[in-house]
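Listed here are the chains, written in short residue letters.
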Amino acid sequence: MTENKLPFTARLAFTLLSLVLIIYIAHFSATIIIPLAFASLVAIMLLPLASRLEEWGCSRGLSAFIAVLLFVIGLSTLLALLTSQMGAFVSDFPHLQQQLMKSLDNLQVWINEKFHINAHKQMDYLEQFALGTLGSATTFLSQTFGAVSSLLIFFVFVLLYSFFILLYRSLLITFLIRLFQYQHRDKLLDVVSQTRFIIRSYASGLMIEMLVVAILNCTVFWILGIKYATLLGVMAAVFNLIPYLGIITATIICMLITLTSGTPGDSLQVGIALLIIHFLDSNILLPRIVGSKVKINALVTLVGVVTGNLLWGVPGMFLAIPTIALLKIIFEHIEQMKPWAILLGELPAKPRKKISSKKQ
């Protein structure tokens, strides 16, 4: 039988229609997809611990429960450390707004005296931008730490999904094997194995990196005598997980909060400290701790982060890199999709020139 190929315009139309449907489903199914995605990351990170507990004689259900319980204890400890400073920050927020307005007024007077320009409209815009940025930061922090009901429901569902993924992981693998034809079984198992290894290495590496960066941030802020040192240090470390855009957002927010509770010199010191720590992290910590497990080029990374933000907001920015890594692994194992895997990957290393030795 000869295969009748569709014309290019028809194949292009089907491809675009499929992309539109995928984006539509992903956007309007965020309530289900986001907790499942985070639960999958948690389950992959906890899989070695659950497997070790099973080797020690625990049942699969008990090992999954213990692994999730230890994860909850660790996360609760981190939240408990931030609760006190978060409460102080929220209670001081009206005073912080007044201090910010006073600092901006002093800056306006300085500009008028030094540069003799009409800075009234510029300062109005700057005030709106600064208050809007600080308000967005407070909104984000309030949604993350203060909206207990919605956050608790989301957290409970993530834990439940993580537990059941660990419990029924063999059933899920069997389902995937039966879903595809037998000749694709080895390729499918290879995709699953690579996905678990890369996502686990990437996620665990990011957690270690975030912990190290948080310790460095808090230590430097404590030495500088910055108010809310623990809160700002941990918040900057969390934002640092978002490629490229995270450090810019964290620097602006931390400098504005420091400006409201300290001097412009303190704010400048915070910005310089964050940029120096980010430079050390990008060039030393990130390559050594996270490694080159996820080989995705910078352009695709930036586009993925922006797209994730448009689809799912802040959670989408965190999930962008693991999602792109999963797609890259799948594309590498499908012959027709290998060009897309090349597009997502990094530039190939240039071959070294061979140096021919002349006989003397």
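Residues numbered from 1 in each chain as written. Predicted model: local features only at pLDDT ≥ 70, side-chain atom pairs only at ≥ 80, totals over all residues. Heavy atoms only, no water.

Novice: For the packing of helix H8 (residues 185-224) against helix H9 (residues 229-239), give the residues involved together with the corresponding values.
Specialist: Put simply, H8 and H9 touch, their axes get as near as 8 Å, and they point 145° apart. The handedness of the crossing between H8 and H9 comes out as right-handed. Contact residues: H8 offers Met 210, Val 213, Ala 214, Asn 217, Cys 218, Phe 221 and Trp 222, while H9 offers Ala 229, Thr 230, Leu 232, Gly 233, Val 234, Ala 236, Ala 237 and Val 238. Broken down by class, the residue content of the contact of H8 with H9 amounts to twelve nonpolar, three polar and no charged. (Axes fitted to C-alpha atoms, helices over the stretch in contact; angles between N-to-C directions. Helix = DSSP H or I, 4+ residues; strand = E, 2+ residues; numbered from the N terminus. Left-handed = near helix turned anticlockwise from the far one by under 90°. Contact = heavy atoms within 4.5 Å. Nonpolar A, V, L, I, M, F, W, Y, C, P; charged D, E, K, R; others polar.)

Novice: Pulling in residues and values, what's your account of the pattern of salt bridges?
Specialist: In this structure the tally under the stated criterion is six salt bridges. For Arg 52, the salt bridge identified is with Glu 55, shortest N-O distance 3.6 Å. In this pair, Arg 52 and Glu 55 both sit in helix H2 (residues 30-55), three residues apart, roughly one turn of the helix. What makes Arg 52 partly exposed here is its relative accessible area of 43%. Residue Glu 55 is classed as exposed on the basis of its relative accessible area, which comes to 62%. Linking Glu 54 and Arg 60 is a salt bridge whose minimum nitrogen-to-oxygen distance equals 3.2 Å. Overlapping salt bridges bring together Glu 54, Arg 60 and Arg 169 as one network. (Salt bridge = Lys/Arg side-chain N within 4 Å of Asp/Glu carboxyl O. Buried < 20%, exposed > 50% of the residue type's maximum accessible area, 1.4 Å probe, protein only.)

Novice: Which residues make up the packing of aromatic side chains, and what values do they have?
Specialist: Within this structure, the stated rule accounts for five aromatic pairs. With centroids separated by 4.7 Å and ring planes inclined at 45°, the aromatic side chains of Tyr 24 and Phe 28 adopt a geometry described as tilted. Here the residue Tyr 24 and the residue Phe 28 both occupy positions in helix H1 (residues 8-28), the gap between them amounting to four residues, near one helical turn. We classify Phe 28 as exposed; its relative accessible area is 58%. (Phe/Tyr/Trp six-rings, centres within 6.5 Å; stacked < 30°, edge-to-face > 60°.)

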